[in-house]
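Coordinate inspection notes
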Amino acid sequence: MIYVCVPAHNEARTVGLVLWKVRQVFTAFPREYQLLVADDASSDGTDAVLASYAKVLPLSVVTHRERRGYARSLEELLRLALQRSDRAKRDCAITLHADFVHSPESMEEMVKRIESGADLVVAEQREERGRAPRALWLARRWTPRLLPVPGVKDTVSGFCALRLSVLRQALGGGGRDTAPLLATEGWCASAELLARLAPHARRVDAIPAAARYDLVQRPSRVHPWRQLLAAWRARAVIRGARTAVVALAVAAAALGAQSDSARSDSARSDSARSDSGPRDGLLQIGAVAPAVPFPVGERLVYQAKFGIFNVGTATMEVAGVDTVRGASALHLVFRISGGALWYHIEQTLESWVGTSDFRSRRFWNQTEEKGKSWERKFDIYPDSGFYREAGRDTTLATVPDPLDDAAFLYWIRTVPLEIGKRYEYRRYFRPERNPVIVEVLGRERVGVAGRKWNAIVIRPRIPNGGGIFAERADARMWLSDDDRRVMLALQSNFSFGQVTMKLKAYSDPPAGRP
């Protein structure tokens, strides 16, 4: 399905002709399509024109009673296309202006590029038919230089085709409750859209197009010098949009750093430190939870952000109860998705911990990164004091009460945490990575997942490790100050800025399940 998205404000003279031209394109070039038009509080009879065309075309109209602007109208249509699509990897959306500056004939080549493997196709203005005011011409020429996007010369085109799976990734899942995708307006919004989509696209193509000023029926609403000033001010937003997904990608990789997802040698040490007692001046929490308090079916969904930008999602889930080597074990799953211009990661961490002693029995790390995939699987034998990795002929010592990466995020919810105290744990199943130090900083009131929570703020750090819990990262974790100890947020600092994961949704077990 091809969704043609057309924002319109007071375009009664041309919007019907544009829609009819789209119909002619897909009559000669047969493809299934839908027209999605946003009537942004028009007062010139645009609504009546759209109503008449809706009787003969596959047209849906979204009507705004109050003016929302180009960016919000366009984003609403793109989200609607994503919501309607049941095959986001196959379907695409095309953004098109309603004033006839864009020639719909170019859509045939755009769709062909999408069908041949491109994820994003931009119709770049290479010529003008008719004459535009000189100030507008100059602004149109220089604005893309202020708002660069790799792989695209004409970043303010506003005429592009995009695979809907790329839009879903840019939205961090595509849910209605996600933060706005576009923070700018006008030409800047067109550049911002490309900046947010391009990092997720495997292939970005550009095709030449002509600006049809000879067909425009009204004076341009663009104020050239204001637009240039707006572009100058929007430079940081565009840079942030291009680099935001880098932040999530680094964070995603860092979450798996303790398990060496980059396939580093796990045999750096074949002996464990058995001193599980506390250091001087530190409190040692013991131990092992007498029972697992997490109900099967609990699911936590997080929105990852770099500054104000949504850059992906993560989930924590209690998937079920299994049996591992004859012992009852709770199956925990942690997933995270992120990407960048040259980088994309899909990572799943799975843990099986004993339901009676909360010690890790099995740990899997499955990763797809930069077009490559690998997995590491560990079997952990806490009673015997060793662990093994699948595919390696090694048996390495572990700690008395081992925990893996995913298990640790749950276990920290079970221990008593006293404000102002500092705790040291030597429970990571690879002894050379210990200790993990947790400082309890205080209490705060935080708003996530549609409500206010009382939270305990802790600072976890791994002096011998890296990633989001490294000493220099100065990480913070917010846990709900109740018997559930839900992880509400996780924040860590990187060289490029601060990455934050906030709880977006909390799901209790379905009725009838334990």
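Residues numbered from 1 in each chain as written. Predicted model: local features only at pLDDT ≥ 70, side-chain atom pairs only at ≥ 80, totals over all residues. Heavy atoms only, no water.

1. Regarding the overall build of the chain
A count of helical and extended segments in the chain gives 10 helices and 21 strands. Buried positions account for 55% of the 514 residues belonging to the chain. Nonlocal contacts in the chain, meaning residues at least 24 apart in sequence, comprise 66% of its contacts between residues at least 6 apart. (Helix = DSSP H or I, 4+ residues; strand = E, 2+ residues; numbered from the N terminus. Buried < 20%, exposed > 50% of the residue type's maximum accessible area, 1.4 Å probe, protein only. Contact = heavy atoms within 4.5 Å.)

2. Regarding the environment of K305
When you line up the elements, K305 lands in strand β8 (residues 299–306). The class of K305 is partly exposed, set by a relative accessible area of 28%. In sequence terms K305 and M501 are 196 residues apart; their C-alpha atoms lie 6.3 Å from each other.

3. Let's talk about helix α2 (residues 46–54)
For α2, the full list of buried residues reads T46, V49, L50 and Y53. Looking down the long axis of α2, one finds its buried residues gathered within 95 degrees of arc, a one-sided arrangement. (Arc of directions from axis to C-beta.)

4. Some points on the pattern of salt bridges
On inspection of all chains with the given rule, the structure shows 32 salt bridges. Between R67 and D40 there is a salt bridge, with the nearest N and O atoms lying 2.9 Å from each other. With R67 in the loop between β3 (59–64) and α3 (70–84) and D40 in strand β2 (residues 33–40), the pair connects residues that are 27 residues apart, well separated along the chain. For R362, the salt bridge identified is with D379, shortest N-O distance 3.1 Å. Placement of the pair is R362 in strand β12 (residues 360–369) and D379 in strand β13 (residues 372–381), with a sequence separation of 17 residues. One salt-bridge network, in which partners are shared between bridges, spans D357, R359, R361, D383 and D401. (Salt bridge = Lys/Arg side-chain N within 4 Å of Asp/Glu carboxyl O.)

5. Some remarks on the side chain of R413
Within the secondary structure layout, R413 lies in the loop between α10 (405–411) and β16 (422–425). At 3.1 Å, the side chain of R413 forms a polar contact with the side chain of E298. (Polar contact = N/O pair within 3.5 Å; in protein donor to acceptor, adjacent residues only side chain to side chain.)

6. Things to note about unusual backbone geometry
Along the chain, N434 connects to P435 via a cis peptide bond; the corresponding omega equals 5 degrees. If you trace the backbone, P435 turns up in the loop between β16 and β17 (436–448). Unusually for a residue other than glycine, N10 sits at a positive phi of about 55 degrees. Following the sequence through the fold, N10 ends up in the loop between β1 (2–8) and α1 (15–28). A positive phi angle, near 50 degrees, is found at F358, a position not held by glycine.

7. Side note on the nonpolar core
By size, the foremost hydrophobic cluster in this structure holds 57 residues, and its most contacted members are Y425, I458, M477 and L488. Take this core: its biggest share by element is six residues, from α10. Aside from chain neighbours lying at most four places away, what touches I458 is I412, L417, V438, E439, V440, L441, A475, R476, M477 and L479. Judged by nonpolar contacts, the second largest core, of 36 residues, contains M1, Y70, L74 and L120. (Core = buried A, V, L, I, M, F, W, Y, C linked by side-chain atoms within 4.5 Å.)

8. Describing the pairing of β13
Judged from the four bridges that link them, β13 and strand β14 (residues 386–389) form a sheet pairing that is antiparallel. By the bridge assignment for β14, Y381 is matched with F386. Linkage of β13 to β14, two consecutive antiparallel strands, is achieved through a turn of four residues, within which G385 is found at a positive phi near 80 degrees. (Pairing = 2+ DSSP bridges.)

9. Things to note about the packing of α1 against α2
Put simply, α1 and α2 touch, their axes get as near as 9 Å, and they point 25 degrees apart. By the angle between their directions, the pair α1 and α2 is classed as roughly parallel. The hand of the α1/α2 crossing is right-handed. In this structure, α1 uses V15, G16, L17, L19 and W20 to contact α2, whose residues at the interface are T46, V49, L50 and Y53. (Axes fitted to C-alpha atoms, helices over the stretch in contact; angles between N-to-C directions. Parallel < 35°, antiparallel > 145°, perpendicular 65-115°, else oblique. Left-handed = near helix turned anticlockwise from the far one by under 90°.)

10. Observations concerning the packing of aromatic side chains
Throughout the structure, instances matching the rule amount to 14 aromatic pairs. Relative to W364, the ring of W352 has its centre 4.9 Å away and its plane inclined at 65 degrees; by these criteria the two rings are edge-to-face. Pair noted here: W352 is in strand β11 (residues 344–354) and W364 is in strand β12, with a separation of 12 residues, a long-range link. Of the residues examined, W352 reaches a relative accessible area of 5% and is grouped as buried. (Phe/Tyr/Trp six-rings, centres within 6.5 Å; stacked < 30°, edge-to-face > 60°.)

11. Some remarks on the side chain of D357
With respect to the helices and strands, the residue D357 is situated in the loop between β11 and β12. Using a relative accessible area of 13% as the deciding quantity, one classes D357 as buried. There is a polar contact of 3.1 Å between the side chain of D357 and the side chain of R359. Within the local environment of D357, its side chain forms a polar contact with the side chain of R361, the two groups lying 2.8 Å apart.

12. Things to note about the packing of α1 against helix α4 (residues 107–115)
Contact geometry of α1 with α4 gives a least axis separation of 10 Å together with a crossing angle of 55 degrees. Classed by the angle they form, the pair α1 and α4 counts as oblique. Within the contact between the two elements, α1 uses V22, V25 and F26 and α4 uses M107, E108 and V111. Its residues assigned to classes, the contact of α1 with α4 comprises five nonpolar, no polar and one charged. (Nonpolar A, V, L, I, M, F, W, Y, C, P; charged D, E, K, R; others polar.)

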